[in-house]
Amino acid sequence: MHRISNRLKWVQNTKNPEQTRKELESWLPKEYWGPINKLLVGFGQTICTPLNTKCDICKVNDLCPSAFKESRMKRPKLEKSTAEASSLAVRAGDMASVKYEVEVTKKELKKDK
């Protein structure tokens, strides 16, 4: 969760997982803490890995400020066609919808201040 949150710029370059958790909890509604943890951990194990990120098959690479920066690949021109990529894309799509909800919630919280 720490690595992915930093790559997505959901936190401000936190140095360790505890800082990341605290910063996420400061703006992320409590109801999302469990679901987002499961999504980000799985996403980090399959697509947004520590080394050799798979930005080319990531369904949210257009939303990610870090896309293709750590990868040796350039933005792909080929369609993803394997069953594995399809399965991972569904999980990435789930993450994209959570990110959208999080962004909306952040804007709402700012308006309330």
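Residues numbered from 1 in each chain as written. Predicted model: local features only at pLDDT ≥ 70, side-chain atom pairs only at ≥ 80, totals over all residues. Heavy atoms only, no water.

(A) Just the side chain of threonine 49, in detail. Relative to the helices and strands, threonine 49 is located in the loop between helix H3 (33-46) and helix H4 (83-112). A polar contact is formed between the side chain of threonine 49 and the backbone oxygen of asparagine 52, at a distance of 3.3 Å. For threonine 49, the residues in contact, after removing those within four places along its chain, are Arg3, Arg7, Gly44 and Lys54. (Helix = DSSP H or I, 4+ residues; strand = E, 2+ residues; numbered from the N terminus. Polar contact = N/O pair within 3.5 Å; in protein donor to acceptor, adjacent residues only side chain to side chain. Contact = heavy atoms within 4.5 Å.)

(B) A look at the confidence of the model for the chain. Per-residue pLDDT for the chain averages 79, and the proportion of residues at 70 or more is 64%. Under a pLDDT of 50 for its full length, residues 78-84 has, in the predicted model, three contacts with residues more than four places off or in other chains. (pLDDT = per-residue confidence, 0-100.)

(C) Spatial organisation of the pattern of salt bridges. For the structure on display, the rule yields two salt bridges. In this structure, the salt-bridge partner of arginine 21 is glutamate 18, at a minimum N-O distance of 2.3 Å. Pair noted here: arginine 21 and glutamate 18 are both in helix H2 (residues 17-27), with a separation of three residues, about one helical turn. The class of arginine 21 is partly exposed, set by a relative accessible area of 34%. (Salt bridge = Lys/Arg side-chain N within 4 Å of Asp/Glu carboxyl O. Buried < 20%, exposed > 50% of the residue type's maximum accessible area, 1.4 Å probe, protein only.)

(D) Structural context of unusual backbone geometry. One non-glycine residue, lysine 9, lies in positive phi territory at about 65°. Within the fold, lysine 9 resides in the loop between helix H1 (2-7) and H2. The backbone of phenylalanine 68 sits at a positive phi, close to 70°, despite the residue not being glycine. Take phenylalanine 68: it is sitting in the loop between H3 and H4. Classification of phenylalanine 68 as buried rests on a relative accessible area of 12%.

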